[in-house]
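Summary of structural features
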Amino acid sequence: MANHRSPVTEPVQALLSDEPITCRQVAERLGIAFGHAQSILRSIAHRGDALETTALGGHGKKVAAFTKPRPQVARIWERGEYTGEPRPLRYEPRSEPYISLGRIGD
């Protein structure tokens, strides 16, 4: 299947940096419609080439903003040796008999 991207995708991706940029700022800088900028930014974020976050927009409200993705750091989890009691090799029956208390509510 062919890769159908907008011709504006590359310029939008070039605007991304470590500082959050809102959809409105992208639309103003490139002279495109707000909805088009939002659609492109969301598709870039869905692809993993951008990170969606929040920033203060007009009137002090939080709005969606986008930054470059943070580099992935590989985490290596090492498990230590088990130092507790050794587990029994097979089932050991109870030493005292099991006593039923009957059904609850009787």
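Structural notes, computed from the coordinates.

Conventions we followed
Residues numbered from 1 in each chain as written. Predicted model: local features only at pLDDT ≥ 70, side-chain atom pairs only at ≥ 80, totals over all residues. Heavy atoms only, no water. Helix = DSSP H or I, 4+ residues; strand = E, 2+ residues; numbered from the N terminus. Salt bridge = Lys/Arg side-chain N within 4 Å of Asp/Glu carboxyl O. Buried < 20%, exposed > 50% of the residue type's maximum accessible area, 1.4 Å probe, protein only. Arc of directions from axis to C-beta. Contact = heavy atoms within 4.5 Å. Pairing = 2+ DSSP bridges. 1 Å grid on protein atoms, 1.4 Å probe; cavity = no way out; pocket = protein on both sides within 12 Å on 5 of 7 lines; lining within 4 Å. Points joined across faces, edges and corners; volume = space filled by probe spheres on them. Nonpolar A, V, L, I, M, F, W, Y, C, P; charged D, E, K, R; others polar.

Turning our eyes to something else, we now look at the environment of E10. Mapped onto the fold, E10 is located in helix α1 (residues 9-15). In this structure the C-alpha to C-alpha distance between E10 and I44, which are 34 residues apart in sequence, comes to 9.9 Å.

Here we come to the pattern of salt bridges. What the rule picks out here adds up to 2 salt bridges. The residue E52 makes a salt bridge to R42 at a minimum N-O spacing of 2.7 Å. Of this pair, E52 sits in strand β2 (residues 51-56) while R42 sits in helix α3 (residues 34-47), and the two are 10 residues apart along the sequence. Look at R42 and you get partly exposed, because its relative accessible area is 36%. The salt bridge involving R47 is made with D49; its shortest N-O contact spans 2.9 Å. Exposure remark for R47: the relative accessible area of 32% places this residue in the partly exposed category.

Let us look at helix α2 (residues 23-30). Within α2, burial applies to C23, V26 and A27. Across the axial projection of α2, the buried residues extend over an arc of 100°, all falling on one side. In α2, those exposed residues whose orientation departs by more than 90 degrees from the buried face are R24, E28 and R29. The elements touched by buried residues of α2 are α1, β1 (21-22), α3 and β3 (62-67). Where α2 terminates, the next one or two residues include G31, which has phi positive at roughly 70°.

Taken in spatial order, the 3 strands of this open sheet run β1-β3-β2, and their pairing is antiparallel. A single partner strand is all that each edge strand has here, and the edge strands are β1 and β2. Bridge count for β2 against β3 is 6 bridges, and the pairing is antiparallel. Residue pairing across strands places L56 opposite K62, the latter belonging to β3.

Here the focus is the side chain of T67. For T67, the position within the fold is in strand β3. Of the residues examined, T67 reaches a relative accessible area of 9% and is grouped as buried. Discounting residues that sit within four places of it in the chain, T67 has contacts with L16, S17, D18, E19, P20, A50, L51 and T53.

Take the layout of surface pockets next. A volume near 260 Å³ is recorded for the largest pocket. T22, C23, R24, G57 and V63 are the residues nearest the centre of the largest pocket, which is lined by 15 residues in total. For the lining of the largest pocket, the secondary structure elements donating two or more residues are α2, α3, β2 and β3. A total of 4 residues in the lining of the largest pocket trace back to one element, the largest contributor, which is α2. Broken down by class, the residue content of the lining of the largest pocket amounts to 7 nonpolar, 5 polar and 3 charged.

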